[in-house]
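The lines below spell out each chain.
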Amino acid sequence: MSQARRHEADNSVEAQEPPLADPENGDNGNGPAPRIPKYVRLRRLRVWLRFIRLKLARAILLPELKPAEAHDLRHSVDEDGALTSGYMLMCALSAGIATLGLLQSSIAVVIGAMLISPLMSPIAALGFGFASIDGDRIRKAVRVVAVGAGIGILTAMLITWISPIRNATPEILARTQPTLLDLAIALFSGIAGGYATVIGKGGTAIGVAIATALMPPLAVLGYGLGVLQIQFALGALLLFMTNLAAITLSFALIARLSGASRPLFSVEWKPRYIVVLVAAFLVLAIPLSMTLSRLSQEARMRDAARSAIISACGGKNVDIAQIEVSWPLFGEPTVDALVVAPTYSPNAEVHAEEQLAKAMGDAVAINLQQVQATDFQSQTQAMIDAAMERTTAGIAADVPPYDRIRASIGLPTRAIWTNRAERRVYVEPIPVPDWTLADYAEIEKQANRANEKWNVRILPPPPPQLRILLEPNKDPVLGTITPEMAAWALNRWGMGQVTVAAPAGKAAQSLLKKLHDAGVTVSLSKPEDDERASEESPSIAVVNIYAKSPTQRAAEAAAAAAEKAEKERQELELDSPSRQ
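1. Observations regarding helix H17 (residues 483–493)
- The buried count for H17 comes to nine of 11 residues, which makes it a mostly enclosed element.
- Among the residues making up H17, those that are buried are Pro483, Met485, Ala486, Ala487, Trp488, Ala489, Leu490, Arg492 and Trp493.
- Where H17 is buried, its residues meet helix H16 (437–450), strand S6 (455–458), strand S7 (465–469), strand S8 (497–501) and helix H18 (506–517).
- In the segment just after H17, Gly494 is the residue with positive phi, at about 75°.

2. Structural notes on the pairing of strand S5 (residues 424–429)
- Here strand S4 (residues 413–419) pairs with S5 via six bridges, running antiparallel. Within S5, the residue paired with Thr418 across the bridge is Val425.
- In terms of strand pairing, S5 meets S6 through four bridges, oriented parallel. Its bridge partner lying in S6, Val425 is registered against Val456.

3. Observations concerning the side chain of Asp336
- Mapped onto the secondary structure, Asp336 falls in strand S2 (residues 334–341).
- The buried category is assigned to Asp336, whose relative accessible area is 8%.
- Engagement of the side chain of Asp336 in a polar contact is seen with the side chain of Asn367, the distance being 2.8 Å.

4. Quick word on a nonpolar patch on the surface
- On the surface, Ile274, Val278, Phe281, Leu282, Ile286 and Met290 cluster together into a nonpolar patch covering about 530 Å² of accessible area.
- Of note, Ile274 is situated in helix H12 (residues 271–312).

5. What to know about the side chain of Thr155
- The topology assignment puts Thr155 in helix H7 (residues 135–162).
- With a relative accessible area of 18%, Thr155 lands in the buried category.
- Once residues lying within four places of it in the same chain are set aside, the contact partners of Thr155 are Ala92, Ala95 and Gly96.

6. As for the sheet that holds S7
- In spatial order, the strands read S7-S10-S8-S9; together these four strands make up an open sheet with mixed pairing. The open sheet terminates on both sides in strands that have one partner only, identified here as S7 and strand S9 (521–525). The sheet shows a mean angle of 30° between the axes of neighbouring strands, taken without regard to direction.
- Bridge count between S8 and strand S10 (residues 540–544): two bridges; the pairing is antiparallel. Paired with Val500 across the two strands is Val543, which belongs to S10.
- Strand contacts of H17: S7 and S8, with the helix running at about 155° to S7, the strand carrying the most contacts.
- Of the strands in this sheet, S7, S8, S9 and S10 touch H18, which is tilted by about 160° from S9.

7. Section: the environment of Arg262
- Note that Arg262 resides in the loop between helix H11 (230–258) and H12.
- Overall, the relative accessible area of 14% leaves Arg262 in the buried class.

8. Concerning the packing of H16 against H17
- As a packed pair, H16 and H17 sit with axes 10 Å apart at the nearest point and diverge in direction by 70°. One way to sum up the angle between H16 and H17 is to call them roughly perpendicular. The crossing of H16 and H17 is left-handed. Contact residues: Leu437, Ala438, Tyr440, Ala441 and Glu444 in H16; Met485, Trp488, Ala489, Arg492 and Trp493 in H17.

9. Some words on the pattern of salt bridges
- With the rule as written, the count across this model stands at eight salt bridges.
- Lys140 is the partner of Asp136 in a salt bridge, and the nearest nitrogen-oxygen pair spans 3.5 Å. Of the two residues, Asp136 and Lys140 both sit in helix H7, four residues apart, roughly one turn of that helix.
- Assessed through its relative accessible area of 46%, Lys140 is described here as partly exposed.
- A salt bridge links Arg449 to Glu442; the nearest nitrogen and oxygen atoms lie 3.9 Å apart.
- Assessed through its relative accessible area of 35%, Glu442 is described here as partly exposed.
- Connected through shared salt-bridge partners, Asp136, Arg139 and Lys140 make up one network.

10. Observations concerning the packing of helix H6 (residues 120–132) against H7
- Two elements in contact, H6 and H7, have axes whose closest approach is 8 Å; the angle formed by their N-to-C orientations is 155°. Of the possible angle classes, the one that applies to H6 and H7 is roughly antiparallel. H6 and H7 meet at a crossing whose hand is left-handed. Contacts from Pro122, Ile123, Ala125, Leu126, Phe128, Gly129, Phe130 and Ser132 of H6 reach H7 at Arg137, Ile138, Ala141, Val142, Val144 and Val145.
- For the contact of H6 with H7, the per-class residue count stands at 11 nonpolar, two polar and one charged.

Thresholds applied
Residues numbered from 1 in each chain as written. Predicted model: local features only at pLDDT ≥ 70, side-chain atom pairs only at ≥ 80, totals over all residues. Heavy atoms only, no water. Buried < 20%, exposed > 50% of the residue type's maximum accessible area, 1.4 Å probe, protein only. Helix = DSSP H or I, 4+ residues; strand = E, 2+ residues; numbered from the N terminus. Contact = heavy atoms within 4.5 Å. Pairing = 2+ DSSP bridges. Polar contact = N/O pair within 3.5 Å; in protein donor to acceptor, adjacent residues only side chain to side chain. Patch = residues over 30% accessible without salt bridge, like charges linked within 9 Å, V, L, I, M, F, W, Y side chains within 5 Å. Areas by Shrake-Rupley, 256 points an atom, 1.4 Å probe, with all protein chains shown as cover. Salt bridge = Lys/Arg side-chain N within 4 Å of Asp/Glu carboxyl O. Axes fitted to C-alpha atoms, helices over the stretch in contact; angles between N-to-C directions. Parallel < 35°, antiparallel > 145°, perpendicular 65-115°, else oblique. Left-handed = near helix turned anticlockwise from the far one by under 90°. Nonpolar A, V, L, I, M, F, W, Y, C, P; charged D, E, K, R; others polar.

Shown next as structure tokens:
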């Protein structure tokens, strides 16, 4: 008897049976009744399970497959998920393109790699195996997925080794640890993939979404192994396993609700199948549970950090434009936030860290940026600017390590700001007595050696003038600097145009060339044209840093006008006697 006829027979038997008041005790309310046979209870349980399944399937617009259609679909999924030479070739090509796209930080190339990825078919077979509790089908599907993943990892390692570009790009860093968005993408991709498999439409487009959740983490895993960055490799492995578990379980859920999986009462409970089923379930469940636990902790920390930051910044009219919680797999958590408030709160970072430590029980570093905006319009504009900066310059969590930069400089800082688009940190230290420009240039080198990801630029306090030694081969003169140091200082001060008082000659021309190469436009004047440079040695050039103030220029203009008027008056007086 076919399965459909057995279902109809079960329904007809249930329709003829009278309801019982207490089936467990065999009492229908009118005295003892015969105990209901076990096979009747099983049929009732099957009917109720089928009823619940149909209700849920209709709620999410899933079709009800007939037994013959379900059998054909399972057979088709098994065939598509088989291990073939074409499958292995496409895995290698997809992983190669994805790795190149990640190294170039090109999203378009990464998406292009997904178009040829064949990972959907074996994952569908794996999901159907879990839905049917079929250990043999699970074993075969796991083997195919493992072979494809291994090919992808090896391909990524090989391309990383032969590629001249090995820098960790933002696209690579974004796939070194699971996030809530990654998990949501995997779940929705799995549900969409299961639905496309059941209805037989849209499989190619859904396969791209599934490959997007799986192939890039595999490529990052291979990259991490290729450059011996174990943290990158383990983080990408956890992301891959989490996404694989979410997609597989989504496939299993859709297969079970649509009736595409094998009936539970037909499951073969063989010991070896049970071992395979339990092992595969643990392999998928453990990383998924680890990720869910970490995401739950991050959500709790985000809420606690939000409250601590608002309280530390005054608590009134304070808006958090951006907040990012980063908790590496093998590292300490950090919180990066951008706050828009009507007033600036000194030591807000310290107070927020103290409150967050009380809430979480452990110390958490907070990188806090405050934007002062007094009225509603300026607050809104500040939040828009923050969002635009996040979009154009990359993720806002890419905040420079201010504390480490200050520590590497070793001086009190008057101001510090960043240019994220160029990944630069500008630091203006407090002027130090007896420090020369060479000293400030040296601490800039120290700061850059301690911070590889950000370029630190020190803005030294500018003196009234620079005295440049034109002939470095001679003995140094007290208070003079080299042309290279002058170019460095002018560049840090942002002086794109200066006037140099220097004697004519090859040495002066060499100075002009060096300044021009540093992006400084120079106009040359003779030393006697500048009163402050008239007494300098012929081997020294002078650059006046501070221009004349508007008041001085106005006074000079007035004096020149008065002198001209006086000269004209005297000329008139001289002409008057001659006319007489």
